[in-house]
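# Inside the fold
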Amino acid sequence: MSGTTPASTLITNIGELMTQDLEHRVLTDAAIVFEGERISWIGSRQDAPAADEKVDAEGRAVLPGWVDSHSHLVFAGDRTAEFEARMAGQSYSAGGIAVTTGATRSVSDDELSRLVRDRVKEAVSQGTTYLESKTGYGLDVDNEARSARIAAAEVDEVTYLGAHLVPAGSDPEEYTDLVCGAMLDAVLPHVRWADVFCERGAFTEDQSRRVLTAARNAGLGLRVHGNQLGEGPGVALAVEFAAASVDHVNYLSDKDIAALAETWTGWDAATGNGARGTVATCLPACDLSTRQPLAPGRELIDAGVQIALAANCNPGTSYTTSMAFCVTTAVLQMHLSVHEAVRAATYGGALALGRESGNDVDGERAVGSLAVGHRADLHMLKAPSATHLAYRPGVPLTHSVWRAGVRAFQDNSKGATAKR
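Summary of the structure given here. Here the structure is a predicted model, which means the values were calculated and not measured. (Residues numbered from 1 in each chain as written. Predicted model: local features only at pLDDT ≥ 70, side-chain atom pairs only at ≥ 80, totals over all residues. Heavy atoms only, no water.)

### Some details on the packing of aromatic side chains
In the structure shown here, the tally under the stated rule is five aromatic pairs. Between Phe34 and Trp402, the ring centres sit 6.4 Å apart and the planes meet at 65°, which makes this aromatic pair edge-to-face. With Phe34 in strand β2 (residues 26-35) and Trp402 in strand β17 (residues 398-403), the pair connects residues that are 368 residues apart, well separated along the chain. Neither residue differs from the other here; Phe34 and Trp402 are each classed as buried. Between Tyr175 and Phe203 the ring centres are 6.3 Å apart and the planes differ by 40°, which places this aromatic pair in the tilted class. Taken together, the residues Tyr175 in helix α5 (residues 172-180) and Phe203 in the loop between β9 (193-198) and α7 (205-217) connect sequence positions 28 residues apart. Judged by its relative accessible area of 4%, Tyr175 falls in the buried class. According to the relative accessible area criterion, Phe203 is buried, its value standing at 1%. (Phe/Tyr/Trp six-rings, centres within 6.5 Å; stacked < 30°, edge-to-face > 60°. Helix = DSSP H or I, 4+ residues; strand = E, 2+ residues; numbered from the N terminus. Buried < 20%, exposed > 50% of the residue type's maximum accessible area, 1.4 Å probe, protein only.)

Here is the structure:
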């Protein structure tokens, strides 16, 4: 509020502070101060300034809140039967989206809003502090507009995904025209991004190009669902259109990896300056659920590609809000280090959403890393280091969460300490 001094909070006695800033600092015996939503100081515990509120971390680790840059939270209904069939050996195809579309269309605005709100709350309780969600279960003008409006009230970033699936009985070319025309116009006041599912059974390369062109002409940032079910044109399209991210990336040729790496040659990772490239967003929970090969995160990083990890919460292929599960999987099965996996789930997600730098972007502070001037999104663990996320897989390790400087979650259960 203008004319008032925001309350300040000091978190001290931090066992490990993993900043994920451009310097990749990992501080021990550390402290951090934030005023309102803004981080104002980071350093050694002994040098910490006074603050209005003091929180003793008791040796626990603190890291940036997770930035979940790919989710589908606006849905109703259940696809347990589809999951069971897939676990019994049935291969995944995009057709199950239609089941969720029917269920989503059938519920009231209030019920759909409640469902989204509950999923956000669940994610926050596990350390997620910044969320993207897509539309894509409305698939007509009115229901896509409704999904966009509801999402905009509940999450941080909204992506238009009218090009999720061609509804049964619709002509693919006519539906693509609708996605590029009246439907796009209807969602535009509520969204910042547009996405397209460029995959067999969904949208062809030509149709995807039309969607991306229309969205770009409307002033939206671009994303692509690509290379999930096999090698295809998704990565090439994302590079061609300078999309902020291409997501899934399970099946990549050497040419695809080289093309993604080329987009980052003008960007200085040490300063964050220069032309940003296309982030490769890996969705390991989805890969496990669909029994696809895990995205080649190790190869992408080694090639110089910036990657993100995201939960891809949706009812068909990844019904989880646990970013910690994704981090654990990335370490244990994708051969990332703990630091690389945490970075992909924080700073990498911010990169994919264009929220990684500056103190004020489109009215919002930078997220995904802990640095002076950035948004105070903090995740405190019930452990002395972030390594415990992979060392103790499946164990709920979130102790406290601050979102924009406000404590959004605290585990008050006995034994929620960091003692070794």
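Now that the structure has been shown, we can carry on.
### Here we look at the side chain of Glu157
Along the chain, the position of Glu157 falls in strand β8 (residues 157-163). Among the polar contacts listed, one links the side chain of Glu157 to the side chain of Tyr130, at a separation of 2.6 Å. Engagement of the side chain of Glu157 in a polar contact is seen with the side chain of Arg192, the distance being 2.9 Å. With residues near it in sequence (within four places) discarded, Glu157 still touches Tyr130, Leu131, Glu132, Ser133, Arg192, Trp193, Leu353 and Arg355. (Polar contact = N/O pair within 3.5 Å; in protein donor to acceptor, adjacent residues only side chain to side chain. Contact = heavy atoms within 4.5 Å.)

### A closer look at the pairing of strand β16 (residues 378-381)
Side chains Leu378 and Met380 of β16 all project onto a buried face; the interleaved residues His379 and Leu381 project onto the opposite face, where all are buried too. Sheet topology note: the strand β5 (residues 61-64)/β16 ladder contains three bridges and is antiparallel. Looking across to β16, one finds that Val62 is bridged to Met380. (Pairing = 2+ DSSP bridges.)

### A look at the state of the cysteines
As enumerated under the stated definition, the model contains zero disulfides in all. No disulfide involves Cys198; its nearest neighbouring cysteine sulfur is the one of Cys180, lying 13 Å away. Cys282 takes part in no disulfide bond, and the closest cysteine sulfur to it belongs to Cys326, at a distance of 10 Å. (Disulfide = S-S within 2.5 Å.)

### So, the sheet that holds strand β6 (residues 66-68)
In spatial order, the strands read β6-β7-β8-β9-β10-β11-β14-β15; together these eight strands make up an open sheet with parallel pairing. Every interior strand has two partners, whereas the edge strands, β6 and β15 (307-309), have only one. Across the sheet, the axes of successive neighbouring strands diverge by a mean angle of 25°, strand direction being ignored. Bridge analysis of β8 against β9 gives three bridges, and the strand direction is parallel. Following the sheet pairing, Thr159 is matched in β9 by Trp193. Along the sheet, α7 makes contact with β8, β9 and β10 (221-226), crossing β9 at roughly 180°. (Axes fitted to C-alpha atoms, helices over the stretch in contact; angles between N-to-C directions.)

### A short note on helix α4 (residues 141-154)
With 14 residues, α4 extends 20 Å between its outermost C-alpha atoms, agreeing within 8% with the 20 Å of an ideal straight helix rising 1.5 Å per residue. All of the buried residues in α4 are Asn143, Glu144, Ala145, Arg146, Ser147, Ala148, Ile150, Ala151 and Glu154. Residues of α4 that are buried make contact with α2 (97-106), α3 (109-124), β8 and α6 (182-187). (Expected span 1.5 Å × (residues − 1).)

### Here we look at the pattern of salt bridges
Overall, the coordinates contain 26 salt bridges when judged by the stated rule. Its salt-bridge partner being Arg79, residue Glu82 comes within 2.7 Å of it at the nearest N-O pair. Comparing Glu82 with Arg79, the two get one shared label, buried. The closest approach of N and O atoms between Glu173 and Arg210, which form a salt bridge, is 2.4 Å. Remark: Arg210 occurs in helix α7 and Glu173 occurs in helix α5; sequence separation between them is 37 residues. Residue classification places Glu173 among the partly exposed positions, given a relative accessible area of 35%. Among the charged side chains, a salt-bridge network with shared partners connects Arg79, Glu82 and Arg86. (Salt bridge = Lys/Arg side-chain N within 4 Å of Asp/Glu carboxyl O.)

### Quick word on helix α9 (residues 254-262)
One turn of an α-helix holds 3.6 residues; hence residues three or four places apart share an orientation. Listing the buried residues of α9 in full gives Asp256, Ile257, Leu260 and Ala261. Down the axis of α9, the smallest arc covering the buried residues is 135°, so these residues share one side. Of the exposed residues in α9, those oriented more than 90 degrees away from the buried face are Asp254, Lys255 and Glu262. Buried residues in α9 make contact with α8 (234-240), β11 (245-248), β14 (279-282) and α11 (297-302). (Arc of directions from axis to C-beta.)

### Overview of unusual backbone geometry
Here Leu139, not a glycine, exhibits a phi torsion of approximately 60°, which is positive. Among the secondary structure elements, Leu139 is positioned in the loop between β7 (128-134) and α4. Of note, Arg291 is a non-glycine position whose phi angle comes to about 55°, a positive value. Structurally, the position occupied by Arg291 is in the loop between α10 (284-290) and α11. The class for Arg291 is exposed, based on a relative accessible area of 52%.

### Here's the deal with the environment of Ser125
Within the element layout of this structure, Ser125 appears in the loop between α3 and β7. The spatial distance from the C-alpha of Ser125 to the C-alpha of Asp411 is 8.7 Å, given a sequence separation of 286 residues. If we skip the residues at most four places from it in the chain, Ser125 touches Thr398 and Phe409.

### Focus on the side chain of Thr321
Structurally, the position occupied by Thr321 is in the loop between β15 and α12 (323-333). Looking at Thr321, its side chain comes within polar contact range of the side chain of Glu122, at 2.7 Å. Apart from the residues within four sequence positions on either side, Thr321 is in contact with Arg119, Glu122, Ala123, Gln126, Thr128, Ala311 and Cys313.

Such coordinate-based values are descriptive only and should not be taken to indicate function.
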